[in-house]
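# Chain and residue survey
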Amino acid sequence: LMTPLLIGGWRGRLMAWAGIAVLVVLEIMIIRNVFQPQQLTQQIGRDEESISGRYEIWQQAVGIILDRPLTGVGLNMFRDGRVREEYQERFPIVSYFNPVLPHTHNEALQFGVDMGLPGLLIFAGWMGVMAWMLFQTWRGGDHQLQVVAISVTGGLGAHAIFGLLDAIPIWDRFAFIGWWLMGLGAAAHYLKQKRPVG
């Protein structure tokens, strides 16, 4: 959706928007199983089960944050057996059958569970500052920096949307990609400050 911002001329932008419209229609057709209609009922049932399971997980996460608003349970401790045992009785998660529940399936709640409300506020502050820096880089940088700003915005935007219903555990595996994107955005903003436009 951000590609048209980088294309000069109305014809190029119009073609970019047309291409995006075609991709959106194809994505909707794939989601609705137009190409395999017999699987639609199975997919609807799976999605409903997944959403109800996430609701239970989020309830437990909110319970943890309310119990420990200043500290949370500790970094990457949501999956720990002691935390699971303590909160499973009060906020049961019956739809998740795996014995290890790795994370809260919501990035903001994960920060709150791990580090309490201060950690959640720091996370929100990082996102706000990063959005401001990317906007400043896009508005005042040269074309190369504008491309970087748009790309990082797209990556972090996708990460944020994904983080509403799921979350890569913040402290392990592929979480570093989000931090790399933030570092790239900060570097582009730094270069924008040092590099004269034109």
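Cut-offs and rules
- Residues numbered from 1 in each chain as written.
- Predicted model: local features only at pLDDT ≥ 70, side-chain atom pairs only at ≥ 80, totals over all residues.
- Heavy atoms only, no water.
- Helix = DSSP H or I, 4+ residues; strand = E, 2+ residues; numbered from the N terminus.
- Buried < 20%, exposed > 50% of the residue type's maximum accessible area, 1.4 Å probe, protein only.
- Contact = heavy atoms within 4.5 Å.
- Areas by Shrake-Rupley, 256 points an atom, 1.4 Å probe, with all protein chains shown as cover.
- Salt bridge = Lys/Arg side-chain N within 4 Å of Asp/Glu carboxyl O.
- Expected span 1.5 Å × (residues − 1).
- Bend = angle between axes of the 7 residues up to and from the residue.
- Polar contact = N/O pair within 3.5 Å; in protein donor to acceptor, adjacent residues only side chain to side chain.
- Phe/Tyr/Trp six-rings, centres within 6.5 Å; stacked < 30°, edge-to-face > 60°.
- Lys NZ or Arg CZ within 6 Å of the ring centre and 35° of its normal.
- Patch = residues over 30% accessible without salt bridge, like charges linked within 9 Å, V, L, I, M, F, W, Y side chains within 5 Å.
- Axes fitted to C-alpha atoms, helices over the stretch in contact; angles between N-to-C directions.
- Parallel < 35°, antiparallel > 145°, perpendicular 65-115°, else oblique.
- Left-handed = near helix turned anticlockwise from the far one by under 90°.
- Nonpolar A, V, L, I, M, F, W, Y, C, P; charged D, E, K, R; others polar.

### A look at the overall build of the protein chain
Along the backbone of the protein chain there are 6 helices and 0 strands. Walking the protein chain from its N terminus toward its C terminus, one meets helices and strands in the order α-α-α-α-α-α. Expressed as a percentage of its 198 residues, the buried residues of the protein chain come to 33%. Excluding contacts between residues fewer than 6 apart, the proportion of contacts in the protein chain whose partners are at least 24 apart in sequence is 68%. Entry remark: accessible area of the protein chain is about 12500 Å², with carbon and sulfur atoms responsible for 68%.

### A closer look at the pattern of salt bridges
In total, this model carries 2 salt bridges according to the counting rule given. Of the charged contacts in the structure, one is a salt bridge between R68 and E86, with a shortest N-O distance of 3.5 Å. Of this pair, R68 sits in the loop between α2 (40-67) and α3 (81-90) while E86 sits in helix α3, placing them 18 residues apart in sequence. The salt bridge partner of R82 is D80, with a shortest N-O separation of 2.8 Å.

### Focus: helix α4 (residues 107-140)
If you check α4, its first and last C-alpha atoms are just 31 Å apart, much less than what 34 residues at 1.5 Å a residue would give, namely 50 Å. At M115, α4 shows its maximal kink, close to 135°; a proline, P118, follows between one and four residues later. The N-cap of α4, judged by a side-chain oxygen 3.1 Å from the amide nitrogen of A108 a few residues on, is N106.

### Comments concerning the packing of aromatic side chains
This model, assessed by the stated rule, comprises 3 aromatic pairs. Here the aromatic rings of W126 and W179 are separated by 5.2 Å at their centres, their planes lie at 85°, and the arrangement is edge-to-face. Taken together, the residues span a long stretch of sequence, with W126 in helix α4 and W179 in helix α6 (residues 176-194) at a distance of 53 residues. Overall, the relative accessible area of 39% leaves W126 in the partly exposed class. For the pair F135 and W138, a centre-to-centre distance of 6.3 Å together with 40° between the ring planes defines the contact as tilted. Of the two residues, F135 and W138 both sit in helix α4, 3 residues apart, roughly one turn of that helix. With a relative accessible area of 40%, F135 lands in the partly exposed category. Since its relative accessible area comes to 28%, W138 is described here as partly exposed. Here the basic side chain of R84 rests over the ring of F78, its NZ or CZ set 4.4 Å away from the ring centre.

### Overview of a nonpolar patch on the surface
There is a patch of nonpolar side chains on the surface, built from I122, W126, F176, I177, W179 and W180 and spanning about 640 Å² of accessible area. At the level of secondary structure, the elements contributing two or more residues to the nonpolar patch comprise α4 and α6.

### Observations regarding the packing of α4 against α6
At a minimum axis distance of 9 Å, the contact between α4 and α6 shows a crossing angle of 40°. Between α4 and α6, the angle falls in the class oblique. With respect to the hand of their crossing, α4 and α6 are arranged in left-handed fashion. Seen from α4, the contacting residues are F111, W126, M127, M130, W132, M133, L134, Q136, T137 and G140; seen from α6, they are W179, M182, G185, A186, A188, H189 and K192. Looking at the contact of α4 with α6, its residues break down into 11 nonpolar, 5 polar and 1 charged.

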